[in-house]
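Commentary on secondary and tertiary structure
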Amino acid sequence: HAKEAGRNAYRFFTERMNAEARERLQIQNLLRGAAERGELSLHYQPQFDLGSREVACVEALLRWNSAELGQVSPARFIPVAEESGLIVPLGEWALREACRQAESWRRTGFAVPVAVNLSALQFHRSDPVELLERVLAESGLPAAQLELELTESVLVQDGGGVTLERLRRLKALGVSLAIDDFGTGFSSLAYLRRFPIDKLKIDQAFVCDISTDPEDAAIVNLVIELGRILKIRTVAEGVENEAQLRFLRERGCTLAQGYLFARPLTAAQFEAQYRAPR
Ligand code: C2E
Ligand code: MG
Ligand code: MG
Ligand code: MG
């Protein structure tokens, strides 16, 4: 019967929903103690200057190796962390660890600017400037060696100019500011002029098919051109093949990041591969 079939479909649907909700709850509970149990680490993925071909910067990416669940991908745990507010302590852990690592490299003659992802919640809930001041002082890392990656969602909620004021104070500390996943959010072009942005990271969704899809090619082209006009550096994310690289070089994109050059690496791997031999 149709009615019964409908009921069954509904039952399967709710069971799946329940399973998903349970999984999220489990992740949330385990994630809470992950830092104390030493289950977190950072991986490092370089960004290359397309002119000089040198490593210009390295992005720190959070990794979670759970005793219970094994390696959990950020695609699974970051959304749960955002929902539950756990991204605030997790992001703070990542910021501290990235600054500590970058400073330890710098002190031993391997200075590479590090980029850290800062969630909208971290930016809006409490004062990110105070946190940055504290972490920079603790680690000893010069502010010029740190970049913060913010998503467009940070910029769109500018209640009474608080966002602009915070961005200006962060810039005044000497850190640089990048917009991550550019093109995927609801941003207006006006804020690019208003906010003190140093870098646009073109989302990998647009980069993926640039050599075959004329619309994606046009969008990426436009962002590179916009960067040139506004004097904001552009980074292509998710560069995986030579055809994409050729396109980006020809159009004058500043930097590129992706599997073609390097996967995210452990600190030891990154250092072994990119520290110039002494
Ligand atoms: P994101 O900041 O946009 O980082 C880029 C993601 O693309 C990373 O995924 C990276 O591993 C992946 N990627 C790099 N090159 C390629 C490529 O050539 N092809 C493909 N298909 N993917 C590539 P990952 O490490 O899984 O991180 C996913 C997202 O999780 C990040 O996206 C970021 O939004 C978030 N995230 C990671 N670490 C942190 C953190 O410490 N704090 C916050 N707030 N978010 C983080
Ligand atoms: Mg990022
Ligand atoms: Mg991104
Ligand atoms: Mg992303």
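Residues numbered from 1 in each chain as written. Chains lettered and ligands numbered in written order. Predicted model: local features only at pLDDT ≥ 70, side-chain atom pairs only at ≥ 80, totals over all residues. Heavy atoms only, no water.

1. Some points on the packing of aromatic side chains
Selection rule: Stacked, tilted and edge-to-face are the three classes applied to pairs of Phe, Tyr and Trp rings, where Trp contributes its six-membered ring and a pair requires centres within 6.5 Å; stacked means planes under 30 degrees apart, edge-to-face means over 60, and tilted covers the rest. Runs of E in the DSSP output that reach at least two residues are strands. Runs of H or I that reach at least four are helices, and both are numbered from the N terminus. Burial classes: relative accessible area under 20% of the type maximum marks a residue as buried, over 50% as exposed, and values in between as partly exposed (1.4 Å probe, protein chains only). Each ring is checked for a lysine NZ or an arginine CZ that lies within 6 Å of its centre and within 35 degrees of its normal; such an atom marks a charge sitting over the ring.
Evaluation of the coordinates by the stated rule reveals ten aromatic pairs. Arranged with centres 5.2 Å apart and planes meeting at 35°, the rings of F270 and Y274 form a pair that is tilted. Placement of both F270 and Y274 in helix α12 (residues 267-274) is noted, with a separation of four residues, approximately one turn of the helix. Under the relative-accessibility criterion, F270 is labelled buried at 1%. Positioned above the aromatic ring of Y259, the side-chain terminus of R263 is 3.8 Å from the ring centre.

2. Focus: the site of ligand 1
For clarity, the cut-off: For this description, a residue counts as near a given molecule or strand if any of its non-hydrogen atoms is within 4 Å of it. Identification of polar contacts relies on pairs of N or O atoms within 3.5 Å, with a donor-acceptor requirement for protein atoms, meaning one able to donate a hydrogen and the other able to accept it, and with residues adjacent in sequence counted only if both atoms are side-chain atoms. Each accessible area value is a Shrake-Rupley result obtained with a 1.4 Å probe; residue values ignore everything except the protein chains displayed when judging cover.
By nearness alone, 22 residues border ligand 1, and R63, N117, D180, E240 and Y259 come closest of all. At a separation of 3.0 Å, a nitrogen atom of ligand 1 approaches a polar side-chain atom of Q45. Between ligand 1 and D180, the relevant distance is 2.8 Å, taken from an oxygen atom to a side-chain nitrogen or oxygen of the residue. In isolation ligand 1 exposes 800 Å². Once the protein is present, 81% of that is buried.

3. Things to note about the pairing of strand β2 (residues 55-66)
Here is the rule: DSSP bridges decide pairing: two strands pair if at least two such bridges lie between them.
Here β2 lies mainly inside the structure; nine of its twelve residues are buried. Strand direction decides the pairing type here: strand β1 (residues 40-49) and β2, joined by nine bridges, are antiparallel. Paired with P46 across the bridge in β2 is V58. The loop that links β1 with its antiparallel partner β2 comprises five residues; one of these, R53, has a positive phi angle of about 65°. Of the pairings in the sheet, the one linking β2 to strand β3 (residues 70-72) comprises three bridges and is antiparallel in character. Across the sheet, the residue bridging to N65 is Q71, located in β3. Between the antiparallel neighbours β2 and β3 lie three residues.

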